[in-house]
Amino acid sequence: MTMRPYVIINSAMSADGKLATRERKQTKISGEQDFQRVEKLRAESDAVMVGIGTIFSDDPSLRLKKDESAKKRRAEGKAEHPMRVVVDSLARMPLDSDMFRKGTGRVVVFVSKKAELENVRALSEKADVIYAGEDFVDLEIVLDKLGKMGVKQLMVEGGATLLWSFMSRRLFDEIRIYVGALIIGGKDAPTFSDGEGFIDPNDFTKLNLKSVDKIDDGVLLTWTRR
């Protein structure tokens, strides 16, 4: 049986748990040391994933920023950049996204059968489009398919709705959160875990604290799923 990838959720949030401003604009939360940590984690991963909301708000390329990171991967017999994965139920990903214009390597977009066929066909000219669910993308199907594609370690970067989906369904192995030394505020600002939330305390996703490391002027918390 094909193994699912080892899933590492990685994120940075303010001291009050915000990922960005209430306008959902990308905000610098961490510093150079944490940027280097994230680069290393990306380089070590077989695939890096974001949701369509992150594409719309940040337009990330998810490529490795440093040439030495890509060279090291080549020396290990890997592609220069890890596979870049987008969860996009309705196939709305813009065709001029940075992911298509910057960096090299495979781009995979998971969609649902509810996506417009015209959108799917257009995206298929830019990326590998894979169906994984009826009305929305089913992450269990995604993980099964990624495992069959040879992905052993998956790094999930966001956004908040995608993170909630992974955490609420306990489809992760580790959570690495960098907590920056700033307050963003705003009841409408995205938090580390949005979504509908739990009501019954018995349903809460439980964690084990693995390590605490001071980085820059903040702290990196590493948790494993209990």
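Above this text is the structure in question.
This structure is a prediction, so every number in the text was calculated from the model and none was measured. (Residues numbered from 1 in each chain as written. Predicted model: local features only at pLDDT ≥ 70, side-chain atom pairs only at ≥ 80, totals over all residues. Heavy atoms only, no water.)

Thoughts on the pairing of strand E1 (residues 6–13)
To keep it simple, the criterion reads: Whether a residue is buried, partly exposed or exposed follows from its accessible area with a 1.4 Å probe, protein chains only, as a fraction of its type maximum: under 20%, in between, or over 50%, in that order. Strands are runs of DSSP state E lasting at least 2 residues, helices are runs of H or I lasting at least 4, and numbering of each runs from the N terminus. At least two DSSP bridges between two strands are needed for those strands to be called paired.
For E1, a buried count of six out of eight residues is recorded, marking the element as mostly surrounded by other parts of the structure. In this sheet, strand E6 (residues 153–158) lies alongside E1 in parallel orientation, the contact comprising four bridges. From the neighbouring strand, Val 7 faces E6, where its bridge partner is Leu 154. For E1 and strand E7 (residues 174–179), the ladder comprises six bridges, and the chain directions are parallel. Note that in E7 the partner of Ala 12 across the bridge is Tyr 178.

Observations concerning the environment of Lys 28
Basically, it comes down to this: Residues are treated as being in contact if the distance between any of their heavy atoms lies within 4.5 Å.
Within the secondary structure layout, Lys 28 lies in the loop between E1 and helix H1 (32–44). In this structure, the C-alpha to C-alpha distance between Lys 28 and Asp 16, residues 12 residues apart in sequence, is 14 Å. Excluding residues that lie within four positions of it along the chain, Lys 28 makes contacts with Phe 35 and Leu 182.

Topic: the sheet that holds strand E2 (residues 47–51)
For clarity, the threshold we go by: Axis definition: a line fit to C-alpha positions, over the contact stretch in the case of helices; interaxial angles, taken between N-to-C directions, run 0 to 180 degrees.
Taken in spatial order, the nine strands line up as E5-E4-E3-E2-E6-E1-E7-E9-E8 in an open sheet, and their pairing is mixed. Only two strands of the sheet have a single neighbouring strand rather than two, namely strand E5 (128–131) and strand E8 (207–215). Strand-to-strand, the axes of this sheet are offset by a mean angle of 20°, without reference to chain direction. Along the sheet, H1 contacts E1, E2, E6, E7, E8 and strand E9 (218–225); its crossing angle with E6, the most-contacted strand, is approximately 135°.

A short note on the nonpolar core
Rules: Buried Ala, Val, Leu, Ile, Met, Phe, Trp, Tyr and Cys residues form a nonpolar core when they are joined through side-chain atoms within 4.5 Å.
Judged by nonpolar contacts, the single largest core of 33 residues is most densely connected at Met 49, Leu 154 and Phe 166. Of all the elements in the fold, those that place two or more residues in this core are E1, E2, strand E3 (83–87), strand E4 (107–111), helix H6 (139–148), E6, helix H7 (160–168) and E7. Broken down by element, this core gets its largest block of residues, five residues, from H7. If sequence neighbours within four positions are ignored, Met 49 has contacts with Val 85, Val 87, Val 142, Leu 146, Leu 154, Met 155, Val 156, Glu 157, Gly 158, Leu 162 and Phe 166. One finds Val 50, Leu 62, Met 93 and Leu 123 within the second-largest nonpolar core, a separate group that totals 22 residues.

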